[in-house]
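Residue-level structure breakdown
This is what each chain is made of:
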Amino acid sequence: MRKIQMVDLQSQYQNIKHIVDPSIQEILESAAFVNGPKVHEFQKNLEDYLDVKHVIPCANGTDALQIAMMGLGLEQGDEVITADFTFAATVEVIALLKLTPVLVDVDEDTFNINIDAIKKAITPKTKAIVPVHLFGQCANMEAIMQIAEEHNLYVIEDNAQAIGANYVYSDGRKAKAGTIGHVAATSFFPSKNLGCYGDGGAIFTNDDELAHTIRGIVNHGMYKRYHHDVVGVNSRLDSIQAAVLDAKLKHLDEYSNARQKAAQKYNEAFKDNNKIITPKTVAGCDGVCDTCDCHVFHQYTLKIKGADRDALVKHLNENGIPCGVYYPIPLHRQKAYLDERYNEDDFVVTNRLVDEVISLPMHTELDDEQIDFITSKVLDFVNG
Ligand SMILES: *Cc1c(COP(=O)(O)O)cnc(C)c1O
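Residues numbered from 1 in each chain as written. Predicted model: local features only at pLDDT ≥ 70, side-chain atom pairs only at ≥ 80, totals over all residues. Heavy atoms only, no water.

**Observations regarding the domain arrangement of the protein**
The extent of an interface is frequently quoted as the accessible surface area lost upon association of the parts. Its domain assignment divides the protein into domain 1 (9-104 + 111-249) and domain 2 (252-383). Computed over C-alpha atoms, the centres of domain 1 and domain 2 are 24 Å apart. Taken residue by residue, the interface counts 41 residues in domain 1 and 34 residues in domain 2. Together, F85, F135 and N193 form the three largest contributors to the area buried by domain 1 at its contact with domain 2, with a combined 22%. A salt bridge links D346 to K120; the nearest nitrogen and oxygen atoms lie 3.1 Å apart. On inspection of domain 1 and its partner domain 2, the count reaches 19 residue pairs in polar contact (both at pLDDT 80 or more). Elements with a contribution of two residues or more to the side of domain 1 that touches domain 2: α1 (9-30), β2 (79-83), α4 (89-96), β3 (100-104), β6 (166-168) and α8 (239-249). With five residues, the top contributor of residues to the side of domain 1 that touches domain 2 is β3. (Domains from an automatic or database assignment. Contact = heavy atoms within 4.5 Å. Buried area = accessible area lost by both parts, 1.4 Å probe. Salt bridge = Lys/Arg side-chain N within 4 Å of Asp/Glu carboxyl O. Polar contact = N/O pair within 3.5 Å; in protein donor to acceptor, adjacent residues only side chain to side chain. Helix = DSSP H or I, 4+ residues; strand = E, 2+ residues; numbered from the N terminus.)

Here it is as C-alpha cells:
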C-alpha cells in the first residue's frame with residue numbers, strides 16, 4: 001500500500017507532470033514572470049469555468065479577502081459578521097482593516113454559518129456578511145442573500161475551500177460557489193482543491209465597477225501608470241503559478257469527482273455506526289450524485305460522539321494514518337479576537353464541534369486499499 005497522506009500532492013504531480021512541466025518551461029523561456037500572458041489566459045479560463053464576469057488574480061487567499069473588503073469601501077468600525085468555526089484568515093483581515101468582526105455560531109449538520117445567528121447579530125453598524133463555504137460545501141446562500149437585501153449588506157463569499165462546488169437553489173437552479181454574493185475570495189494554496197505550487201489567490205465578482213476598483217487596488221491603487229488614486233496593495237499571481245493552475249483547472253471536475261468517490265466510500269463504511277456522524281450535504285445527495293456537485297470535500301470531516309476524539313487521532317497516527325482537527329479552538333476564544341460582547345451561550349454548536357470533529361485523509365489520489373485501511377482503523381477504535 002502506498003503511504004497514506006492527508007493530501008498527496010506528490011502522486012497528483014506525477015500524474016500531470018507531462019502537462020505541467022512543459023508549461024512551466026515555457027514561462028522560464030519567455031521570462032514573462034509577472035503579469036505575463038499566462039496569467040491572463042488562466043483568468044479567462046477560470047471566468048468561463050465559473051461563469052462569472054470577473055476573476056482578479058492575486059497573491060493568496062488572505063489577500064483576496066482583504067482586497068475584496070477594501071474594494072467594497074468598508075470603513076473603520078463597520079461590523080462584519082462571519083463564522084466562529086473557520087480558519088483565522090477570515091477574521092484576521094476584518095480586524096486588520098479596523099473593521100469590527102462579529103463572530104456567530106454555525107450549523108450542527110453542515111458546519112456552515114447559522115442563519116438565525118446572523119439575524120440576531122445584525123445591528124445598525126453591520127455592513128457585510130462573510131459566509132465561509134467550509135470543507136467544500138456552500139453556506140445557505142439563498143437565505144444569506146435575502147438577509148443582505150433586507151438590511152442592505154454586502155456578501156463576501158470566502159470560497160477558499162469550495163472551488164468547483166455548485167450551490168443548488170431551492171428551485172433547482174445551480175451556480176458555482178463564489179459567484180452568488182457581491183464578491184468572493186479564493187485561495188490557490190497547494191492543498192486547496194485547485195492549488196498551485198506556491199501561493200496564489202483570486203477575487204471573483206459579477207460587478208463591473210467593483211472589478212475595476214479591485215484591479216487598481218491589487219496594483220498599488222493605480223488606474224493609470226504612476227497615478228495612485230486610492231491606497232492599494234501589491235498582490236500578484238505570478239506566471240509560473242498561473243501555468244500550474246491553468247493545467248490543473250482542466251482537471252478540476254475530475255478532481256472533485258475523485259474526492260466525492262472517496263467520500264462515498266467513507267460514508268458507506270461508517271453508515272451503521274452510531275458513534276460516527278458522516279458529513280451532511282444540503283442537497284441531501286451525499287455530494288455524490290452526478291448532477292449536482294454540491295460538495296467538493298475539501299475536507300472529509302466526521303463528528304465523533306460517545307468516543308474520545310483525541311484518542312482516535314492518536315490511534316490513527318500510531319497506525320500511520322495522518323488526520324486533522326479543523327478547527328480545535330473557536331475563533332471567539334482566540335486571544336487575538338477576544339471581545340467582551342461574546343457570550344458562550346451563543347456558540348453552543350462551535351464549542352461542541354471543536355471537541356468532536358476529525359478530518360480524514362482526503363485528496364484526489366486516495367485508492368480503495370488506503371480507504372479500507374483507514375476505515376478499518378477508525379472502526380476498530382470506536383467499537384473498542
Ligand atoms: C486557506 C484559507 C484562507 C486563506 O488562504 P491563503 O491562500 O492561505 O491566504 C482563507 N479562508 C479559508 C476558509 C481558508 O481555508
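**Considering unusual backbone geometry**
Of note, the bond from Y326 into Y327 is cis; its omega dihedral lies within 30 degrees of zero at 5°. Checked against the element boundaries, Y327 lands in the loop between α10 (309-318) and α11 (348-356). In the Ramachandran plot, D51 falls in the positive-phi region, its phi being about 60° despite a non-glycine side chain. Assessed through its relative accessible area of 66%, D51 is described here as exposed. (Buried < 20%, exposed > 50% of the residue type's maximum accessible area, 1.4 Å probe, protein only.)

**Comments concerning the pairing of strand β9 (residues 201-205)**
Burial analysis of β9 places five of its five residues in the buried class, which makes it a mostly covered element. Residues of β9 alternate between two faces, with G201, I203 and T205 on one and A202 and F204 on the opposite face, all of them buried. Pairing geometry for strand β1 (residues 54-58) and β9, over five bridges, is antiparallel. Bridging across to β9, I56 finds its partner in I203. Summarising the sheet, strand β8 (residues 183-187) and β9 pair through four bridges and their orientation is antiparallel. When the sheet's bridge partners are listed, S187 is paired in β9 with G201. (Pairing = 2+ DSSP bridges.)

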